[in-house]
Structure formats: structure tokens, C-alpha cells
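Here is how the chains run, residue by residue.
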Amino acid sequence: MTLQSRAKLNNTTEIPLLGLGVWQIPNGKPTVDAVAWALDAGYRHFDTARIYGNEEGVGEGIRNSGIPREEIWVTTKLWPTDQLQIRKAFDTSLAKLGIGYIDLYLVHWPTPGLVARIWKAMEELYGGGQCKAIGVSNHSIKQLSAILRNAKIPPAANQVKFSPFGFDQALLDFCNHHGIAIEAYSPLTKGRRLQDDRLRAIAQKYQRSPTQILIRWALQKGAVVLPKSQNKDHIRENARVFDFAISAPDMDHLDRFAE
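Sequence order as written defines the numbering, with residues in each chain counted from 1. The predicted nature of this model means local features are confined to residues of pLDDT at least 70 and side-chain atom pairs, given and counted, to a pLDDT of 80 or more, with totals for whole chains, interfaces and linings taken over all residues. Only hydrogens and water are set aside; all other atoms, that is, all heavy atoms of the structure, feed into the side-chain values.

Bringing the overall build of the chain into the picture now. Every helix listed is a DSSP run of H or I at least four residues long, and every strand listed is a run of E at least two residues long, numbered separately from the N terminus. The secondary structure content of the chain amounts to 10 helices and 10 strands. Taking 259 residues into account, the globule formula puts the C-alpha radius of gyration at 18 Å, and the chain, at 18 Å, falls close to it. Seen along its three principal axes, the alpha-carbon backbone of the chain occupies a region of about 50 × 40 × 30 Å. Burial here depends on accessible area, computed with a 1.4 Å probe over protein chains only, as a share of the maximum for the residue type. Under 20% is buried, over 50% is exposed, and the range in between is partly exposed. For the chain, with 259 residues in total, the buried portion stands at 54%. For the chain, long-range pairs separated by at least 24 residues make up 73% of all intrachain contacts whose partners lie at least 6 apart in sequence. Areas reported here follow the Shrake-Rupley algorithm with a probe of radius 1.4 Å; residue values treat only the protein chains shown as occluding. Approximately 11500 Å² of the chain is accessible, and the part contributed by carbon and sulfur atoms is 50%. On the chain, the mean spot of the 32 positive side-chain charges and the mean spot of the 26 negative ones are 3 Å from each other. Put simply, the radius of gyration uses C-alpha atoms, and a globule should come to 2.2 Å times the residue count raised to 0.38. In this description, contact between two residues means that some pair of their heavy atoms is separated by no more than 4.5 Å. Asp and Glu are treated as the negative residues and Lys and Arg as the positive ones, with His and the ends of the chain left uncounted. Throughout, a charge is located at the NZ atom of Lys, the CZ atom of Arg, the CG atom of Asp or the CD atom of Glu.

Right, dumping it as C-alpha cells:
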């Protein structure tokens, strides 16, 4: 497993295991810079959303890089208020990004009573060929089951909050069983748990930062991991997680942090 490693999704497309999340990074220069720093550090995966308001910055950073578009993976998301005009929302995001196509388009949040109907519209969108894969975010086992009952195309991914301090093992098992990739957002707990004594003890044992331990844990759980940062040094540090492994006993210990 390296920074260039990719996971094969259930439609045979391949998603980079590590990506840069850009939630709360202001549009314009801050986002453009973060994307440039990440690309320079070897990232080839960026996760944005319509509601983040920075799709333009992500696209500009990618275009400025000179790196071939096909080497870079970009995810964006459908916001609930747009779920009855999915084609329009997708086209708007595509235009803001300005990168020709979207690799993964996700339903950002489930809308009660409309989950299966929205998924049918997502399948129609996928048939248009301007996104390589479709999936969901923040969906439960019940909601995924409702989709799978009638889906012609199963979700390629389910992006959920995922860290040792909060993850759903049953959901992970369900997604693994059905070939749905788990994507980990907020893997660094938004910085809130980085001072946890248990985490810091493990970090010290491996001579790593707490953030590197959290990212490596999620990778070893089989997740695609999306740490967010707009700090050049942190972006680089977060990518240096492929030259060590957490032992099975320490993984078990991390798993129990949420208990």
C-alpha cells in the first residue's frame, strides 16, 4: 500500500485510497493553494461538495497543475435541496469544477421517503457518462437496503464519519458484504480528539503524529480516507502514512476508543 494505491470500486473504476477533504476551506486562493500543495505531495484525490462552496477552487487548482486529468479523482455531492433537480445540480457542479467530468457523484444526505426515488435519478445521471461512479454519503444500513432492493446500479461508495472515536462496525460489514466502498470523512475528528492520552501513547510508540495514526487506522480498516487540511505541512504529514503499519493488538485497542 502506497500513496499511489487505489481501491477497485464495484464498477471496476479505481479510487485513490487517500484524498484531500476541502470542507470549510474558503473558495479561491485558499482552496487553489491546498489543491496545489496536495498534488505536489503526491495526492491524486479531492473531495468537495456543492454545499462547500469551493468547487471552483478545486477545479482551478487541478487545471493549474498541468497533471493529466485522468490521473486525478474528484468527488462532489448532491445537496438535499437539489434532489428533485439532480441533472441541473450535477451540471452546475460540473461547470464550476471545469474539469470535463466528475469521477464520483454522491447523494450527500438521505431524504426520508425519497431514498429509492433519488437513487433511480442518480442511475439515469450515471447513464449519461459524465460521472465515472455514483454513490451516497451518510446512509444507514436501512437506507442502503432500500436502494439495493431495486437498484440496477449499486452505490459504489458510502461516505461516512469514521474514526476510532466513532464508527459503525455493522455498517462497515454491510458495505463490505455488498461491495460498497466506505469513505472516511472527519477521520481526524476535526482535531477534537488529537490530545487523547490513549491516542498520543500509540502515536509515541510508533514515533508518529496522532493524525498519522488515525489515518493509518482507517486505511487498515479498508476505508478510503479523506483528511481535511489547508496547512501545507499538515497536508504533507498526512500523506506520510504508507511506510509503517499498526499492529493487530493496537488496532483492536484503537477500535475500542468509542466504547
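Still to come is the rest of the account.
Right, let's talk about the packing of aromatic side chains for a bit. The geometry of an aromatic ring pair is captured by two quantities: the separation of the ring centres and the angle between the planes. Here a pair means two rings of Phe, Tyr or Trp (six-membered ring of Trp) with centres within 6.5 Å. Their orientation is stacked below 30 degrees between planes, edge-to-face above 60, and tilted elsewhere. Under the criterion given, the structure shown has 6 aromatic pairs. Residues phenylalanine 167 and tryptophan 217 carry aromatic rings whose centres are separated by 5.2 Å and whose planes lie at 70° to one another, so their mutual orientation is edge-to-face. Of the two residues, phenylalanine 167 is situated in the loop between β8 (157-161) and α6 (169-177) and tryptophan 217 in helix α8 (residues 210-220); the sequence distance between them amounts to 50 residues. Comparing phenylalanine 167 with tryptophan 217, the two get one shared label, buried. An aromatic cluster is built from Phe162, Phe167 and Trp217, whose rings are joined through pairwise contacts. Only when the NZ atom of a Lys or the CZ atom of an Arg is both within 6 Å of the ring centre and within 35 degrees of the ring normal do we say a charge sits over the ring. Here the guanidinium or amino end of arginine 69 rests over the ring plane of tyrosine 101, the centre of that ring lying 3.9 Å away. Lying across the ring of phenylalanine 244, arginine 216 places its NZ or CZ 5.9 Å from the centre.

Moving on, we get to the pairing of strand β6 (residues 102-107). Of all 6 residues making up β6, 6 are buried, and the element is well covered by its neighbours. Note that strand β5 (residues 73-78) and β6 share 4 bridges and pair parallel. Of the residues in β6, the one forming a bridge with leucine 78 is valine 107. The path from the first strand over the helix to the second decides the hand: if it runs clockwise while the strands point away from the viewer, the crossover is right-handed. Of the crossover connections in this fold, the one passing from β5 over helix α3 (residues 86-97) to the parallel β6 is right-handed. Bridge count for β6 against strand β7 (residues 131-137) is 5 bridges, and the pairing is parallel. Its bridge partner being in β7, leucine 106 is matched across the sheet by glycine 135. The β-α-β motif built from β6, the intervening helix α4 (residues 115-126) and the parallel element β7 has right-handed crossover chirality. For two strands to count as paired, DSSP must find a minimum of two bridges between them.

Turning our attention to unusual backbone geometry. Even without being glycine, glutamine 24 reaches a positive phi, approximately 70°. Along the chain, glutamine 24 falls in the loop between β3 (20-21) and α1 (29-41). One non-glycine residue, glutamine 207, lies in the positive phi region at around 55°. Within the secondary structure layout, glutamine 207 lies in the loop between α7 (197-206) and α8.

So, about the nonpolar core. Buried together is how nonpolar side chains tend to be arranged in soluble globular proteins. By size, the foremost hydrophobic cluster in this structure holds 84 residues, and its most contacted members are Phe46, Tyr105, Met122, Phe162 and Ile213. Considering every element that reaches this core, the biggest residue donor is α8, with 6 residues. When residues no more than four places from it in sequence are discounted, the contact partners of methionine 122 are Leu78, Ile86, Tyr105, Leu106, Val107, Ile134 and Gly135. Among the buried residues, those of types Ala, Val, Leu, Ile, Met, Phe, Trp, Tyr and Cys that are joined through side-chain atoms within 4.5 Å form a nonpolar core.

Examined against the element boundaries, threonine 31 turns out to sit in helix α1. The residues contacting threonine 31, other than those within four sequence positions of it, are Ile25, Pro26, Asn54, Gly57 and Val58.

A few words on the sheet that holds β5. One open sheet holds the 8 strands; their spatial order is β3-β4-β5-β6-β7-β8-β9-β10, and the pairing between them is parallel. This sheet does not close on itself; its edge strands, each paired only once, are β3 and β10 (224-226).

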